[in-house]
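Each chain is listed here by its residues.
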Amino acid sequence: MLLSNSFVLFLLNSGWLILFLLVVMAALFEIGWRFGNSFVDNQSSEKDGGSDTLLAAIFGLLALLLAITLSGASDRFDNRRDLITKELNTTQTAYQSVDLLTIKTQQPIREQFKLYLDSRIDVYKDSQLMLAVEREKKFRAHDAIGDELWRMAVSAVNASPYP
């Protein structure tokens, strides 16, 4: 691989990716320009009639490839945004459902809910840069907090006087 994994992760997370790609494209454009000029200087002055058609076909295929790639990236972004929205709505509904419990059980469950949300944020914060062992440890801690929240909610519902 031309670039190290840590450098690629740095580019993806820092926002320098656009500038890096711009510089690389400009450098490759310059190399191609110089190579093309030297190629034209070395060839005869006759022009092949079919080369324009071939170039148009190649550029058309490259444009199609780029369009398909960007369309796939757009779809993945939309799916990810939808999943985040659904998770947010589900979490908000669950937090608001705590109001249906008895007054004395609401406060401990709300505190556990805050711990759950903090651990949820912590799980995904810098998750690409951490080792798999650290990531697994965070997931286990998050699952433990979620299990405790569930146990507290079940016991609160069972203790409520409502049918």
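Residues numbered from 1 in each chain as written. Predicted model: local features only at pLDDT ≥ 70, side-chain atom pairs only at ≥ 80, totals over all residues. Heavy atoms only, no water.

Tell me about the overall build of the protein, and please be specific about residues and values.
Broken down by element type, the protein carries five helices and zero strands. Compactness check: the protein gives a C-alpha radius of gyration of 28 Å against a globular reference of 15 Å for 163 residues, more than 25% above the reference. When its C-alpha atoms are laid out on the principal axes, the protein stretches across 95 × 30 × 20 Å. Across the 163 residues of the protein, 13% fall into the buried class. For the protein, long-range pairs separated by at least 24 residues make up 49% of all intrachain contacts whose partners lie at least 6 apart in sequence. About 13500 Å² of surface is accessible on the protein, with carbon and sulfur atoms providing 66% of the total. Distance from the positive charge centre (16 side chains) to the negative charge centre (19 side chains) of the protein: 9 Å. (Helix = DSSP H or I, 4+ residues; strand = E, 2+ residues; numbered from the N terminus. Rg over C-alpha atoms; globule rule 2.2 N^0.38 Å. Buried < 20%, exposed > 50% of the residue type's maximum accessible area, 1.4 Å probe, protein only. Contact = heavy atoms within 4.5 Å. Areas by Shrake-Rupley, 256 points an atom, 1.4 Å probe, with all protein chains shown as cover. Lys, Arg positive; Asp, Glu negative; His and termini not counted. Charge placed at Lys NZ, Arg CZ, Asp CG, Glu CD.)

Explain the packing of aromatic side chains residue by residue, including any values.
A complete count under the given rule lists four aromatic pairs for this structure. On the basis of an interplanar angle of 85° and a centroid distance of 5.3 Å, the ring pair of Tyr95 and Phe113 is categorised as edge-to-face. On the criterion of sequence distance, the pair formed by Tyr95 in helix α3 (residues 51-97) and Phe113 in helix α4 (residues 103-124) is long-range, its members being 18 residues apart. Each ring, one from Tyr124 and one from Phe139, has its centre 6.4 Å from the other, and the planes form 85°; the classification is edge-to-face. Here Tyr124 is found in helix α4, whereas its partner Phe139 is found in helix α5 (residues 132-159), with 15 residues between them in sequence. Phe139 sits in the partly exposed class, given a relative accessible area of 29%. Ring-pair connections join several aromatic residues into one group, and the members of that group are Tyr95, Phe113 and Tyr116. (Phe/Tyr/Trp six-rings, centres within 6.5 Å; stacked < 30°, edge-to-face > 60°.)

Break down the confidence of the model for the protein for me, with residues and values.
Keep in mind that low pLDDT regions are not for reading the predicted coordinates in detail. Model confidence for the protein is summarised by a mean pLDDT of 85, while 94% of its residues fall at 70 or above. Per-element confidence in the protein ranges from a low mean pLDDT of 75 for helix α1 (residues 5-14) to a high of 91 for α4. (pLDDT = per-residue confidence, 0-100.)

Describe the environment of Lys114, and please don't skip the residues or the numbers.
Its place among the elements puts Lys114 in helix α4. The class for Lys114 is partly exposed, based on a relative accessible area of 43%.

Lay out the layout of surface pockets with the relevant residues and their values.
Counted as a void, the largest pocket has a volume near 630 Å³. Every residue lining the largest pocket is counted, 15 residues in all, and those nearest its centre are Arg80, Ile84, Glu87, Arg120 and Tyr124. Of all the elements in the fold, those that place two or more residues in the lining of the largest pocket are α3 and α4. Examining the composition of the lining of the largest pocket, we find that six residues originate from one element, α3, more than from any other. (1 Å grid on protein atoms, 1.4 Å probe; cavity = no way out; pocket = protein on both sides within 12 Å on 5 of 7 lines; lining within 4 Å. Points joined across faces, edges and corners; volume = space filled by probe spheres on them.)

Outline helix α2 (residues 17-42), listing residues and values.
The end-to-end C-alpha distance of α2, which contains 26 residues, comes to 37 Å, matching closely the 38 Å that a straight helix rising 1.5 Å per residue would cover. Of all 26 residues that make up α2, zero are buried, and the element is exposed over most of its length. (Expected span 1.5 Å × (residues − 1).)

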